[in-house]
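# Examination of the molecular architecture
Here's the letter readout for the chains.
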Amino acid sequence: MKKILIVGQGIAGTVLAWTLQGLGQDVYVMDAPDQQTLSASQVAAGIINPVTGKRFAKSWMFETLFAHARACYLQLETQLGVQIWQDLRIERMLQQPEELNNWSLRSHAPDFSNFLSDAEQTSQWQPFAQPNHLFGVIHHAARVRFETMLPVFRQQLLLAGRLIQQRFDYQDLDKFASDFELLLFCEGYRGNSHPLFQHLGWNVTKGEAFHITMEGNEGLPSSEILKKGALIAPLEPGKYWVGSTNEWTFTDALPSATGHAWLKNNLEHMLKTPYQVETHLAAIRPTVKDRRPLIGTHPQFPKLGIFNGLGTKGALLAPYWAQHFAQHLLQGTLLDSQVDIRRFSA
Ligand SMILES: Cc1cc2nc3c(=O)[nH]c(=O)nc-3n(C[C@H](O)[C@H](O)[C@H](O)COP(=O)(O)OP(=O)(O)OC[C@H]3O[C@@H](n4cnc5c(N)ncnc54)[C@H](O)[C@@H]3O)c2cc1C
């Protein structure tokens, strides 16, 4: 059994901690919320979407990652006694000839047949959506309730005396490296200023989202997401998450007027029902130039590892790659070269 410290309790640190605990390791987690800003995991809706982008491309390794994610979050659900996983459908609003054409091509392609249905006139969202659209359904989508799972897991760590509520100071690396057999950094975008891991092809992006309410409307969908320029996901009756912007240049991690305008504009193109913006949120995603996770131990300091770079898809990626990393750490299996940090040289 190894004594392991995980730094960061976003979705990456939480799923890695849980995976290593499940493999019988002696796991501690250090995390202190930033006073001024939110983490990506606090802002994300936790949506898993199999088919994304203008060309409706299937997400990388989707079938394998989805099966792992579902199994992991359902086990966590049982263990923590709260609802974490929700199976959902995505109703994709289609209007332009090019998108209708792309949709038709994809929905008839053999490896998409389980995922996409023909575009239809009607939909659960139709009474609330802007007219003159067709609706194509994306199946095998889901939502992982980060907002429930992370605080409950944190509380369990606290009760077990395994939560260290402080920020990791890199000047204490030697001290912690003597107290623990492994130090695993799951610091989200802040990993880009870690002295040993800042060379890893980071390309962090800012994202902004709204929580909106549309109360008093009978029949508002509770298990369908609406997607066009933005994505509208049910949170609880009458309450929806709307997101998100994707900005490469920014000066802070706070909600901005530009982000607000982008979200409003996209909502106007999607909804005809009145809504109220309850909250405007922003955070920085740990995105990487090649859009693949960052996993591995430092070549010179093998006690120090990183599990990061989950980018825009933390919910889908975390379970499979946490298991993969855990096997590497405990049994010495090879890391997949696509995620191995050695693809970036110092
Ligand atoms: C607007 C928006 C919408 C998104 N929507 C989705 C979505 O629908 N589905 C999806 O899968 N993903 C989504 N994402 C992406 C998702 O949020 C990320 O993939 C994921 O949250 C990254 O998790 P993480 O644990 O790596 O980082 P974070 O969530 O940033 O967590 C890092 C944690 O480490 C802590 N920390 C950092 N440094 C230290 C230190 N030195 N000492 C102690 N603690 C430290 C931080 O305080 C934080 O708690 C979205 C992101 C944004 C911004």
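As the structure is a computational prediction, the values presented were derived from the model and not from experiment. (Residues numbered from 1 in each chain as written. Predicted model: local features only at pLDDT ≥ 70, side-chain atom pairs only at ≥ 80, totals over all residues.)

Glancing now at the sheet that holds strand β1 (residues 3–7). What the six strands build is an open sheet, ordered β8-β2-β1-β9-β16-β15; its pairing is mixed. This sheet does not close on itself; its edge strands, each paired only once, are β8 (163–164) and β15 (294–297). Packed onto the sheet, helix α1 (residues 11–22) meets β1, β2 (26–30), β9 (182–185) and β16 (304–308) and runs at close to 165° relative to β2. Each of β9, β15 and β16 is contacted by helix α8 (residues 314–331), which is oriented at about 165° to β16, the strand it contacts most. (Pairing = 2+ DSSP bridges. Helix = DSSP H or I, 4+ residues; strand = E, 2+ residues; numbered from the N terminus. Contact = placed C-beta atoms within 7 Å. Axes fitted to C-alpha atoms, helices over the stretch in contact; angles between N-to-C directions.)

As a further point, take the domain arrangement of the chain. How large an interface is tends to be reported as the accessible area lost when its parts come together. If you check the domain split of the chain, you get domain 1 (3–44 + 147–201 + 289–343) and domain 2 (205–285). Taking only C-alpha atoms, the centre of domain 1 and the centre of domain 2 are 29 Å apart. Contact residues are listed per partner, giving nine residues for domain 1 and nine residues for domain 2. When grouped by side-chain class, the residues that make up the side of domain 1 that touches domain 2 number four nonpolar, five polar and no charged. (Domains from an automatic or database assignment. Nonpolar A, V, L, I, M, F, W, Y, C, P; charged D, E, K, R; others polar.)

Here the focus is the nonpolar core. Grouped together as the largest cluster of nonpolar side chains are 98 residues, with contacts concentrated most on I6, L16 and V242. With ten residues, α8 is the largest single contributor of residues to this core. Summarising the domain contributions, this core has at least three residues from each of domain 1 (3–44 + 147–201 + 289–343) and domain 2 (205–285). Each residue touching V242, except ones within four places of it in the same chain, is listed here: A209, F210, I212, A230, I232, L263 and L267. (Core = buried A, V, L, I, M, F, W, Y, C linked by C-beta atoms within 7 Å. Buried ≥ 20, exposed ≤ 12 C-beta atoms within 10 Å, placed from the backbone.)

A separate point is the site of the ligand. The immediate surroundings of the ligand are formed by 43 residues, with G8, G10, G188, G207 and G314 found nearest. Considered class by class, the residues forming the shell around the ligand number 20 nonpolar, 15 polar and eight charged. Here the shell around the ligand spans two domains, since at least three of its residues come from each of domain 1 (3–44 + 147–201 + 289–343) and domain 2 (205–285). (Near = placed C-beta within 6 Å.)

The next subject is the pairing of strand β13 (residues 239–243). Within β13, four of the five residues are buried, which leaves it mostly tucked inside the rest of the structure. Where strand β12 (residues 231–236) folds back on β13, the antiparallel hairpin that results is connected by two residues, among which G238 adopts a positive phi of roughly 80°.

On to the environment of L316. Tracing the backbone shows L316 in helix α8. In the structure, L316 is positioned 215 residues away from N101 in sequence and 28 Å away in space, judged by C-alpha atoms. When near neighbours in sequence (up to four residues on either side) are disregarded, L316 contacts I48, S59, L65, F66 and A69.

A word on the sheet that holds strand β7 (residues 134–144). An order of β3-β7-β6-β11-β12-β13-β10-β14 is seen for the eight strands of this open sheet, with the pairing classed as mixed. In this open sheet, the two strands that pair with only one neighbour each are β3 (47–48) and β14 (276–285). Pairing geometry for strand β10 (residues 205–213) and β13, over five bridges, is antiparallel. Across the sheet, T213 pairs through a bridge with K239, a residue of β13.

Let us look at the packing of α1 against α8. At a minimum axis separation of 9 Å, α1 and α8 run at an interaxial angle of 40°. Judged on the interaxial angle alone, α8 and α1 are oblique. In the crossing of α1 with α8, the sense of the turn from one axis to the other is right-handed. In this structure, α1 contributes I11, A12, V15, L16, T19 and L20 to the contact, and α8 contributes G314, A315, A318, P319, A322, Q323, F325 and A326. Classifying every residue of the contact of α1 with α8 gives eleven nonpolar, three polar and no charged. (Parallel < 35°, antiparallel > 145°, perpendicular 65-115°, else oblique. Left-handed = near helix turned anticlockwise from the far one by under 90°.)

On to helix α5 (residues 146–159). Helical geometry: 3.6 residues make up each α-helical turn, so side chains three or four residues apart lie on a common side. The end-to-end C-alpha distance of α5, which contains 14 residues, comes to 20 Å, matching closely the 20 Å that a straight helix rising 1.5 Å per residue would cover. What α5 keeps buried is the set F146, M149, L150, F153 and L157. For α5, the arc enclosing every buried residue in end-on projection is 90°, short of the 170-degree limit, so these residues lie on one face. Opposite its buried face, α5 presents the exposed residues Q155, L158 and L159, each directed more than 90 degrees away. Tucked into the core, α5 has its buried residues touching α1, β2, α2 (40–43), α3 (62–80), β7 and β8. (Expected span 1.5 Å × (residues − 1). Arc of directions from axis to C-beta.)

The next point concerns unusual backbone geometry. For the peptide bond that leads from G243 to S244, omega is -15°, which places it in the cis range. You can see S244 is positioned in the loop between β13 and α7 (257–270). One non-glycine residue, F56, lies in positive phi territory at about 55°. The topology assignment puts F56 in the loop between β4 (51–52) and β5 (57–58). Of note in this structure, H140 is not a glycine but carries a positive phi near 60°. The topology assignment puts H140 in strand β7. Using a count of 18 C-beta atoms within 10 Å as the deciding quantity, one classes H140 as partly exposed.

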